[in-house]
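# Analysis of the macromolecular model
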Amino acid sequence: MKKYSKLIIAAVIALLFIGTFVFLWQKSQPKEVVYSEFVPEQKDIRKTTIITGKIEPRNEVNVKPQISGIITELLKEPGQYVTAGDVIAKVKVIPDMGQLSNAESRVRLAELNLKQAEVDFQREESLHNQQLVSDDEYDKIRQQLRQAREEKAAAEDALQVVRDGVSKSNAKASSTLIRSTISGVILDIPVKVGNSVINSNTFNDGTTIATVANMNDLIFRGNIDETEVGQLTLGVPLKITIGALQDMSFDAALEYISPKAVEQNGANQFEIKAAVSLKEGSNIRSGYSANAEIVLASVEKALALPESAIEFRGDSTFVYIVKGEGKAKTYERTPVVTGLSDGVNIEIKKGVAAGDKVRGPEIITDDKE
């Protein structure tokens, strides 16, 4: 039994040795190189670029108060539509003590001047009735009385405006009522009841009561690289897609290209703006992130090949045209003139005919045997 066991073990070892030798020999044999082949086709080639940006209203206005004070009431909320002149908030005036003192002083002075003008007029009227003064002198005194009365009324109005923010004569145009200056949708109301607000002046921009925008007139704003901006012209169409509305796309037309670059992440970028054509029933919100696809160049019905079939050598380009069939197949290296490329296909202007077969990349097989 021991003798037979030794023979079996020796036979197994021999088989393993022979099998390994055969396997390594097969692996060492050169394999036939197989290439993919392409036939030139007529295609429309478009070179496009994608620009990231956002959607925003063309006309967005910050509504500010005309006086300083405290918010006493908010009559509107973000998202509501308002027309120009609609009241958004009410402000209670906190008078400036210096202005209040000056206004009160002006009223007192106007009252004194009016009393004196009334006395002068009564005296002049008595003399005029006795024909002791001319009509011209009488008219002058009467005019002074009218001016004194007007000055008193103006002084009282000024006092009311300083103290209350509104006067009897301009109650309809009260500066305590903060009105929208345009028609549109309220995007934001950054203040609350009880907040102090100040009017715009030389030293500050004033407090924003509300931001109102016309959401029917939207633009796409983005930046394009300096290597591509030279291929743009005003009026070219864009296709806008919005991340939050993936099932919808919008047409747009380029209407602005910035004449000055800004540096972003070490690259020069130029701002562009495009007018967005809204679809009926679409609900677009201000600030949506969006992508714009722009066709930088295009050629129709061009004789095209996959770019992978092109060999680039410096400024020259070549293809390998297939000659013969089967084992007699050869490849003829031929210079070609190329044109526009979309990154996948490239235009062939010269060097290849419509019926030629062109060698492509080597076909790599995954040999797992």
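Sequence order sets the numbering: in each chain, residues are counted from 1 along the sequence as written. Only residues with pLDDT of 70 or above have their local features reported here, since the model is predicted, and side-chain atom pairs are shown and tallied only from 80 upward, although totals for entire chains, interfaces and linings are computed over all residues. Based on all heavy atoms of the structure, the side-chain values leave hydrogens and waters out of the count.

## Description of the sheet that holds strand E8 (residues 184-188)
As a reminder, the rule being used: Two strands qualify as a pair provided that DSSP identifies no fewer than 2 bridges between them. Helix numbering and strand numbering both begin at the N terminus, where a helix is a DSSP run of H or I of at least 4 residues and a strand a DSSP run of E of at least 2.
Sheet architecture is open: four strands sit in the order E3-E10-E8-E5, paired in antiparallel fashion. The open sheet has two edge strands, strand E3 (60-63) and strand E5 (81-82), and neither has a second partner. Bridge count for E8 against strand E10 (residues 210-213) is three bridges, and the pairing is antiparallel. Along E10, the bridge assignment pairs isoleucine 186 with valine 212.

## Some details on the pattern of salt bridges
Rule in force here: Any Lys or Arg side-chain nitrogen located within 4 Å of an Asp or Glu carboxyl oxygen qualifies as a salt bridge. Relative accessibility decides the category of a residue: with a 1.4 Å probe and only protein chains considered, values under 20% of the type maximum give buried, values over 50% give exposed, and everything between is partly exposed.
Following the criterion strictly, the structure yields 14 salt bridges and no others. Residue glutamate 37 is joined to lysine 329 by a salt bridge in which the shortest nitrogen-to-oxygen separation is 2.8 Å. Here glutamate 37, found in strand E1 (residues 35-38), pairs with lysine 329, found in the loop between strand E17 (316-323) and strand E18 (330-341); they are 292 residues apart in sequence, far enough to count as distant. The exposure class of glutamate 37 is partly exposed, given its relative accessible area of 30%. A relative accessible area of 27% places lysine 329 in the partly exposed class. Each of Lys54, Glu56, Arg221 and Glu271 takes part in one network of salt bridges that share partners.

## Description of unusual backbone geometry
Positioned with a positive phi, asparagine 265 is a non-glycine residue whose angle comes to about 55 degrees. Residue classification places asparagine 265 among the exposed residues on the basis of a relative accessible area of 85%.

## Looking at the confidence of the model for the protein
Selection criterion: Values of pLDDT, ranging from 0 to 100, describe the predictor's confidence in every residue of the model.
Overall, the prediction assigns the protein a mean pLDDT of 84, with 86% of residues at 70 or greater. By mean pLDDT, the top-scoring element of the protein is E10 (95), and the lowest-scoring one is helix H1 (residues 2-28) (65).

## Digging into the nonpolar core
Rules: Side-chain atoms within 4.5 Å link the members of a nonpolar core, which is a set of buried Ala, Val, Leu, Ile, Met, Phe, Trp, Tyr and Cys residues. In what follows, residue pairs with any heavy atoms lying within 4.5 Å of each other are defined as contacts.
With 27 residues, the main nonpolar core has Ile55, Phe220, Leu238, Ile240 and Ile242 as its most contacted residues. Going through the elements one at a time, strand E2 (41-57), strand E11 (218-225), strand E12 (237-242), strand E13 (245-264), strand E14 (267-277) and strand E15 (289-306) are the ones with two or more residues in this core. Non-local contacts of isoleucine 240, meaning those with residues more than four positions away in its chain, are made with Ile55, Phe220, Met248, Ser249, Phe250, Ala252, Ala290, Asn291 and Ala292. Core analysis: the second largest hydrophobic core is formed by 16 residues, Val63, Ile186, Ile189 and Val191 among them.

## Considerations on the sheet that holds strand E4 (residues 69-74)
One open sheet holds the four strands; their spatial order is E7-E6-E4-E9, and the pairing between them is antiparallel. Strand pairing shows two members of the sheet lacking a second neighbour, strand E7 (177-179) and strand E9 (196-197), which therefore form its edges. Bridge count between E4 and strand E6 (residues 87-93): five bridges; the pairing is antiparallel. Opposite isoleucine 70, over in E6, you have lysine 92 as the bridge partner.

## Quick word on the layout of surface pockets
Worth spelling out the cut-off: Put plainly, a pocket is an open set of points on a 1 Å grid over the protein atoms alone with protein on both sides within 12 Å along at least five of seven lines, a cavity is a set where a 1.4 Å probe fits but cannot get out, and a lining residue has an atom within 4 Å of a point. Grid points are joined across faces, edges and corners, and a volume is the space filled by probe spheres set on the points. Polar here means any residue other than Ala, Val, Leu, Ile, Met, Phe, Trp, Tyr, Cys and Pro, which are nonpolar, and Asp, Glu, Lys and Arg, which are charged; Gly is therefore polar.
Approximately 350 Å³ is the volume found for the largest pocket. In this structure, the largest pocket is lined by 19 residues; those nearest its centre are Val185, Met215, Asn283, Ile284 and Arg285. The element contributing the most residues to the lining of the largest pocket is E8, with four residues. Among the residues forming the lining of the largest pocket, the class breakdown is nine nonpolar, eight polar and two charged.

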